[in-house]
Amino acid sequence: MSIDLAAILIVAVPLASAGVLLLLGRRSDGWGHWLGVLASAASAVMAFVILFGLLGRGAEDRAVDVHLFSWIPAGELDVDAGFLVDPLSATFLLLITFVGTLIHVYAVAYMEHDDDRRRFFAYLNLFIAAMLILVLADSFALLFVGWEGVGLASYLLIGFWNQRTEYAVAAKKAFVMNRVGDMGLIIAMGAMFASIGSVDFETVFAAAPELSEGWATAIGIALLIGACGKSAQFPLQAWLGDAMAGPTPVSALIHAATMVTAGVYLVVRSGAIFEASPTAQLLVVIVGAITLVFGAIVGCAKDDIKKALAASTMSQIGYMMLAAGLGPIGYAFAIFHLLTHGFFKAGMFLGAGSVMHGMNDEVNMRGFGGLSRFMKVTWITFGLGWLAIIGFPGLSGFWSKDKIIEAAFVGEGWQPWVFGMVALLAAGLTAFYMSRLFFMTFHGKARWNDGKNEAPGPEQHPHESPLLMTVPMIVLAVGSLGLGAFLAFGDRFFHWLEPVTGHAEHHDPVIPIPVIMGATVVLMLIGVLLAWRQYWASSVPLMPPTGSVLTRAARRDLYQDSVNEAVFARPGTHTVRTLTYADTAVVDGAVNGLGAGAVGLGERLRKLQNGHVRSYSAAMSVGVVLVLVIVLVARI
Amino acid sequence: MSILNYLVLSGILFAIGGTAVLVRRNAIVAFMGVELMLNAANLTLVTFARMHGDLTGQVIAFFVMVVAAAEVVIGLAIIVSIFRTRGSASLDDASLLKS
């Protein structure tokens, strides 16, 4: 099969499946979920076809442009719809379809007791198709189609249980915040058209080095806003925590492994533009660094297992953004971390779902504890994910995160010191909050009601999940364990991406690499030890202690909602109210006043028409006399 | 006798007719006032025809008479029909078209 055909089928199959499931409705309830799994699996097969197709070519030929049709032939703006298959998009294709298929399989069991399982799979397939369009697009316009598609799918899936008001509100929040980012992407496209006259990748990236710095900065910042919205980066991060309202497979697929990383993809793909503007690049790094710390701090205080994982996702994407902002030396590391993160974070989310499955949908970690004895498979797979994310030497996260920390230390002036230190310290924080999560859930004393202890709440019978759920977890755990080493061996992943990301000269960090590595490992061990002392060795109170100012702030997501409320929502409401008032008083007033005036005038004039013949004749006589007088006076 | 006297007479007749139209409530009397005004106008026309030695004025007077005859027929018919339906020939009662 040719790459062209595979690239079209990989999108068409899940899209068709979503269409069939949505159109057939309840009639497909019995088999709909398996069709969804099958469609996703078919996409995964296509992804491998594309991978081997590309591997069979020389490094220079690994970019296939698949022309689909002429989409917007409008005078100067001529946009063709087409797919670009190159090592970067192929990497994403594999991640999306492979992890996506595993999560589809998992969801078959996870959603078994839900009446709307078929609809759930239709949305998941829709998401897969949209995400594939996003990464395959060969122009910003088509990318935007996928971008909006994943936004829609995300909205539908966060609000999947929309019978609960707070879930529907969470979906709306995610949708609205994403719109803010989308605005940035639209502005970026407008700016590209104004300065370059085209929105397709080839033309734009070829013209980028000649752009004036002002244009490049403007486009770069607009793209960054778009990336921030989709990837939950500061200052558009507030939606991700609430997005955990969606079913757990959704959190794993969309809000951990794939969709939220689209921002990183956008920045890496538009590398040529960012390289033309050091300001925009620096902003990307700053945004990444802020989010990295922000997410880590929030993650340390959350008691909801899914929200803690969401904060961690935010923080890890901060790492990727930071790397992506460093320029060519960071692109490959950003994508590398994205890939390994996709595996271990999806694995952990599935683990969290498995824990919830065994604990009657309980999410409060203070109500867990000691679950390792009851859920062996979940415990081991989650443990591998945990070791991977904290960067335990040898596991996936170690290879990818360490590279980013090293890259952050490269450069001149104050930047490597600040960003390097932030990246390094965040590694310690990551180790602390992930260990906290892991120990609180699986170790220590059981804090749930097992029928013998004093714990409140209904009696729980934790049990391991069925095979359909554990097998995907095991596969992802294997990925968490070995994927990093496999790809980092001989730098093969970086060579694979080189045609897209460009060759980066090797620079030495400001601190020797062994020192950085050592510091990372030491900080990680300190984090784990602190978490062990507090959440495993000593007992965890059922009610969260008041805590310090920082803890209280972190529990409330560092007041992100209050800030948004005060800075944007309230002034917005007031503006709207004022405008509404102005509309009623001024605009409507003028229109209604005109009408009332005409009515009043008529009312007055009506009095003249009294129906008395004699008054008419009197008026006529007076009129005639008057006319006569006027004529005579004029004559004289 | 000066020809001017005819004009004065016609002025007086017109004024009487006008006053009758304006002040009398009875439709028949007001109608007679209208006729009086028409005839005053006729007298003026004939007088000026005589003064200028031109027959046009006299011809127009005939036209006016013909029109007045037709008008009397229609006017009286309306008044009679109003009187039959309302039992009154007062002009002030027939003011129903006003609103």
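What you see is a predicted model, and the numbers here were worked out from it, not measured in a lab.

**Q** Please clarify how the overall build of chain B should be interpreted in this entry.
**A** Across its full length, chain B holds 3 helices and 0 strands. Counting helices and strands in the order they occur from the N terminus, chain B gives α-α-α. The C-alpha atoms of chain B give 17 Å as radius of gyration, which overshoots the globular expectation for 99 residues (13 Å, by more than 25%). Projected onto the principal axes, the alpha-carbon positions of chain B cover approximately 50 × 25 × 25 Å.

**Q** What should I look at first to understand the packing of aromatic side chains in this one?
**A** To describe a pair of aromatic rings, you give the distance between the ring centres and the angle between the ring planes. Residue and element names in this part refer to chain A. Taken as a whole and judged by the stated rule, the model has 29 aromatic pairs over all chains. Seen in terms of ring centroids, phenylalanine 140 and phenylalanine 201 are 4.9 Å apart; in terms of plane orientation they differ by 85°. Their pairing is edge-to-face. Of this pair, phenylalanine 140 sits in helix α5 (residues 140–158) while phenylalanine 201 is found in helix α7 (residues 201–207), placing the two residues 61 residues apart along the sequence. Phenylalanine 140 gets classed as buried once you look at its relative accessible area, which sits at 0%. With a centroid separation of 5.5 Å and an interplanar angle of 75°, the aromatic rings of phenylalanine 398 and tryptophan 399 are classed as edge-to-face.

**Q** How should the environment of A:Leu224 be read in this particular structure?
**A** All names here are of chain A. Mapped onto the elements of the fold, leucine 224 is located in helix α8 (residues 213–231). Placed 211 residues apart in sequence, leucine 224 and serine 435 show a C-alpha to C-alpha distance of 32 Å. Discounting chain neighbours no more than four positions away, the residues touching leucine 224 are Phe274, Leu283, Val284 and Val287.

**Q** Looking at this structure, I do not really get the interface of chain A and chain B. What am I missing?
**A** It is common to give the size of an interface as the accessible area that goes away when the parts come together. Across the contact, 10 residues belong to chain A and 11 residues belong to chain B. Regarding the contact of chain A and chain B, the summed buried area is about 840 Å², with carbon and sulfur atoms giving 53% of it. The interface formed by chain A and chain B includes 0 salt bridges. Scanning the region where chain A abuts chain B turns up 1 residue pair in polar contact (both at pLDDT 80 or more).

**Q** What should I look at first to understand the packing of helix α14 (residues 305–325) of chain A against helix α17 (residues 396–408) of chain A in this one?
**A** Relative orientation and spacing of two packed helices are given, respectively, by the angle between their axes and the distance between those axes. Residue and element names in this part refer to chain A. At a closest axis distance of 10 Å, the pairing of α14 and α17 adopts a crossing angle of 45°. By the angle between their directions, the pair α14 and α17 is classed as oblique. Here the hand of the crossing between α14 and α17 comes out left-handed. Seen from α14, the contacting residues are Gln316, Tyr319, Leu322 and Ala323; seen from α17, they are Lys401, Ile404, Ile405 and Ala408. Looking at the contact of α14 with α17, its residues break down into 6 nonpolar, 1 polar and 1 charged.

**Q** How do you make sense of unusual backbone geometry when you look at a structure like this?
**A** If a residue is not glycine, its phi is most likely negative; likewise, a peptide bond is most likely trans. All names here are of chain A. Of the consecutive residues phenylalanine 234 and proline 235, the connecting peptide bond is found in the cis state with omega at 5°. In this structure, proline 235 sits in the loop between α8 and α9 (239–242). One non-glycine residue, aspartate 361, lies in the positive phi region at around 60°. Counting through the fold element by element, aspartate 361 comes out in the loop between α15 (328–358) and α16 (376–389). Phi is positive for aspartate 557, which is not a glycine, with a value near 55°. Among the secondary structure elements, aspartate 557 is positioned in the loop between α22 (549–555) and α23 (560–606). Classification of aspartate 557 as buried rests on a relative accessible area of 16%.

**Q** Even after reading the chapter, I still don't get the pattern of salt bridges, so can you show me in this structure?
**A** It is possible for side chains bearing opposite charge to pair when their charged atoms get close. Residues and elements named next belong to chain A. Tallied over the entire structure, the rule returns 16 salt bridges over all chains. Notably, a salt bridge pairs aspartate 116 with arginine 119, separated by 3.1 Å at the nearest N-O pair. In this pair, the class of aspartate 116 matches that of arginine 119, namely buried. For the salt bridge of aspartate 303 with arginine 436, the shortest nitrogen-to-oxygen distance reads 2.9 Å. Of this pair, aspartate 303 sits in the loop between α13 (278–301) and α14 while arginine 436 sits in helix α18 (residues 415–442), and the two are 133 residues apart along the sequence. Its relative accessible area of 12% is what places aspartate 303 among the buried residues. Judged by relative accessible area, which is 2%, arginine 436 ranks as buried. Residues joined in a network through salt bridges with shared partners are Arg26, Asp29, Asp116, Arg118 and Arg119.

**Q** Looking at this model, I keep getting lost on helix α4 (residues 117–136) of chain A. Mind explaining?
**A** Note: α-helices contain 3.6 residues per turn, so residues at a spacing of three or four share the same orientation. Taking 1.5 Å of rise per residue, the 20 residues of α4(A) would be expected to cover 28 Å, and the 28 Å separating its terminal C-alpha atoms lies within 8% of that figure. Here α4(A) lies mainly inside the structure; 20 of its 20 residues are buried.

**Q** Got a minute to help me understand the nonpolar core in this structure?
**A** Generally speaking, a soluble globular protein has its nonpolar side chains buried in company with each other. Residues and elements named next belong to chain A. Membership of the largest hydrophobic core comes to 198 residues, with the highest contact counts inside it found for Phe140 and Leu223. Here this core gets 17 residues from one element, more than from any other, and that element is α15. Once residues within four sequence positions are removed from consideration, phenylalanine 140 is found in contact with Met189, Met192, Val199, Phe201, Val204, Phe205, Leu223, Leu266 and Ser270.

**Q** What should I look at first to understand a nonpolar patch on the surface in this one?
**A** All names here are of chain A. A cluster of nonpolar side chains, contributed by Ile221, Ile225, Phe234, Leu283, Ile286 and Ile290, occupies part of the molecular surface with about 400 Å² of accessible area. Listing elements by their share of the nonpolar patch, those giving two or more residues are α8 and α13. In terms of residues, the nonpolar patch owes the most to one element, α13, which gives 3 residues.

Rules behind the numbers
Residues numbered from 1 in each chain as written. Chains lettered and ligands numbered in written order. Predicted model: local features only at pLDDT ≥ 70, side-chain atom pairs only at ≥ 80, totals over all residues. Heavy atoms only, no water. Helix = DSSP H or I, 4+ residues; strand = E, 2+ residues; numbered from the N terminus. Rg over C-alpha atoms; globule rule 2.2 N^0.38 Å. Phe/Tyr/Trp six-rings, centres within 6.5 Å; stacked < 30°, edge-to-face > 60°. Buried < 20%, exposed > 50% of the residue type's maximum accessible area, 1.4 Å probe, protein only. Contact = heavy atoms within 4.5 Å. Buried area = accessible area lost by both parts, 1.4 Å probe. Salt bridge = Lys/Arg side-chain N within 4 Å of Asp/Glu carboxyl O. Polar contact = N/O pair within 3.5 Å; in protein donor to acceptor, adjacent residues only side chain to side chain. Axes fitted to C-alpha atoms, helices over the stretch in contact; angles between N-to-C directions. Parallel < 35°, antiparallel > 145°, perpendicular 65-115°, else oblique. Left-handed = near helix turned anticlockwise from the far one by under 90°. Nonpolar A, V, L, I, M, F, W, Y, C, P; charged D, E, K, R; others polar. Expected span 1.5 Å × (residues − 1). Core = buried A, V, L, I, M, F, W, Y, C linked by side-chain atoms within 4.5 Å. Patch = residues over 30% accessible without salt bridge, like charges linked within 9 Å, V, L, I, M, F, W, Y side chains within 5 Å. Areas by Shrake-Rupley, 256 points an atom, 1.4 Å probe, with all protein chains shown as cover.

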